[in-house]
Structure formats: C-alpha cells, structure tokens
Amino acid sequence: MLANEKLFTAIYIPKTPFINGRLKPSKENKYHFKLIESKKMGDILYHFIYERGGKIIHSYYFVNDPKDKTDRYIFVENNELYKDFIAQFSGKSQDYGEEFMDVYLDVHHPEEVLAKLTHEYNSRFYEENEPTPLCHLYGQRYWHDEAYMIGNRIALVELREAIDIALKNGEKRIVSSSADGEGYELFIKCVEDDFDWEEIELPYHDRECYVPNEPTPRKIFKNYKL
C-alpha cells in the first residue's frame, strides 16, 4: 500500500458561498476550522488545508462546469476530523450531500489531483447516450453452492478498476445498479494473508442453513465505518 495516498470523499455543496478564494459553510462558526492554506490549482480546482486542535485536514474544491453554479463539490480527506468538517455544510435547506465519489490522492503530487478528480467525476456521472453500469451479484446460499456475477461491460470495467485500487490502497467503494434501476454500493477490501477470517461471518445467505451473528462485514473497513 502507498502510505502517502489518502482517501477523499466528495460532498455536494451547490449553495455554499465561495467568496474571495474561500468557502463559507453555513456552520463554520460552530466547528471552528481554521483555513491555514489556500491554493488555486486551475479554473476549476482549489486546494484548501484546514486546522483544528493541532490536526489538519486537506480538501479540494472541484467545479466540473464553471458555467453551472450548482455543479460544486468538495473532496474531503477521510480522517478523524472528517465528520465534523462536513457537518459545517449542513443546513435547513439540505444544500449538501455525500455523492459517493471516492478517490485516493497524494497531496504531495498536485499534478495528479485534477486528472484523478475528473476521472472519478466522469465515472460517477454518465451522459444520456452512455450505458448505465448494471451488475447482479448472486452469493452462495450455503456451502459448496455456486456464486454468480453478471454485469454489462461498463460495470465490469469499473469493478476491475476498483479492485486495482483496493489492491493498491486497501479499500474501495463503487456505486452500481441492478436491472430494476435500484442503485447500491459495493465495498471491496483487500486483506493480508494473515487476516483472521473469524472476525467476519461466512457469506451464506440461506437462513435455513446458516444464520450469521453480524448482518454485515462493514466493521472491518477502516475508511467506510458505519
């Protein structure tokens, strides 16, 4: 794994004012984050570094289309300050939301940031003439039973890319959809060879054969906590 790469998660902030090169979240006075560095990296990208209690958190303000005032996102470093940091943007008008766009970035290599953010954005949103990624996962009902994965090409290509990222950084989340149009999140984790498999339940879902104590293995994910 590359220790220098950190997970950043996107927050949709269409109504957050952007004044004199800085964001003005609705609840900034409540959470007391201090902007210690602001760097313009292009017409559609700013790098902000905030500090609170001696700890810092990086973020990137990303504007996909400068002509569209609602197309505004901030990619926030997923560290111990993350929850309080994004809480600054919540308001009565519900003018923000997590967009399930995740990307691993090395803040010491700014030349790579814009390309990675743009790629993540384009992977999350599709043009009208582009196919929707559709993927069905059919797990084992009981021991020795078959498992199936059926997906269209774009879904399998995105899954392959996500697996490569998980191999490199440990974890990755993508959004796919079943054929009825209902989207879902797929979480992927790469564990070490000495991983204690007793930490998680077996994957069988036929409750007449096996009833797990825990409904989800989400607890072992470092970046995607419940």
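Residues numbered from 1 in each chain as written. Predicted model: local features only at pLDDT ≥ 70, side-chain atom pairs only at ≥ 80, totals over all residues. Heavy atoms only, no water.

Undergrad: Give me the lowdown on the packing of aromatic side chains, citing residues and values where you can.
TA: This model, assessed by the stated rule, comprises 20 aromatic pairs. Measuring from centroid to centroid gives 6.5 Å for Phe-18 and Phe-48, while their planes differ by 45 degrees, and the two rings are tilted. Note that Phe-18 is positioned in strand β2 (residues 18-19) and Phe-48 in strand β5 (residues 45-52), a separation of 30 residues in sequence. You can call Phe-48 buried: its relative accessible area is 0%. Seen from their ring centres, Phe-62 and Phe-75 are 6.1 Å apart, and the 80 degrees between their planes marks the pair as edge-to-face. Of this pair, Phe-62 sits in strand β6 (residues 55-63) while Phe-75 sits in strand β7 (residues 72-77), and the two are 13 residues apart along the sequence. Here Phe-62 matches Phe-75 in class, with each residue buried. The ring of Phe-221 is capped by Lys-189, whose NZ or CZ atom sits 5.7 Å from the centre of that ring. (Phe/Tyr/Trp six-rings, centres within 6.5 Å; stacked < 30°, edge-to-face > 60°. Helix = DSSP H or I, 4+ residues; strand = E, 2+ residues; numbered from the N terminus. Buried < 20%, exposed > 50% of the residue type's maximum accessible area, 1.4 Å probe, protein only. Lys NZ or Arg CZ within 6 Å of the ring centre and 35° of its normal.)

Undergrad: Before we move on, can you summarise a positive patch on the surface with the specific residues and values?
TA: A surface patch of positive charge is lined by Lys-6, Lys-83, Lys-222 and Lys-225. Tracing the backbone through its elements, the reader meets Lys-222 in the segment after β12 (183-189). Assessed through its relative accessible area of 63%, Lys-222 is described here as exposed. (Patch = residues over 30% accessible without salt bridge, like charges linked within 9 Å, V, L, I, M, F, W, Y side chains within 5 Å. Areas by Shrake-Rupley, 256 points an atom, 1.4 Å probe, with all protein chains shown as cover. Salt bridge = Lys/Arg side-chain N within 4 Å of Asp/Glu carboxyl O. Lys, Arg positive; Asp, Glu negative; His and termini not counted. Charge placed at Lys NZ, Arg CZ, Asp CG, Glu CD.)

Undergrad: Mind laying out a nonpolar patch on the surface, listing which residues take part and the relevant values?
TA: Taken together, the side chains of Leu-137, Met-149 and Leu-156 make up a nonpolar region of the molecular surface, amounting to roughly 260 Å² of accessible area. With respect to the helices, strands and loops of the structure, Leu-137 is situated in strand β9 (residues 135-138).

Undergrad: Describe the pattern of salt bridges, naming the residues involved and giving the relevant values.
TA: Applying the stated criterion across every chain yields a total of 11 salt bridges. In this structure, Lys-189 and Glu-171 form a salt bridge, with 2.7 Å as the shortest nitrogen-oxygen distance. With Lys-189 in strand β12 and Glu-171 in strand β11 (residues 171-177), this pair connects stretches of sequence that are 18 residues apart. Look at Lys-189 and you get partly exposed, because its relative accessible area is 29%. Here Glu-171 falls in the buried class, since its relative accessible area comes to 2%. Between Glu-185 and Arg-173 there is a salt bridge, and its shortest N-O distance comes to 3.0 Å. With a gap of 12 residues between them, Glu-185 in strand β12 and Arg-173 in strand β11 connect regions that are remote in the sequence. Overall, the relative accessible area of 33% leaves Glu-185 in the partly exposed class. Three or more residues are tied together by salt bridges with common partners; here these are Glu-5, Lys-116 and Lys-168.

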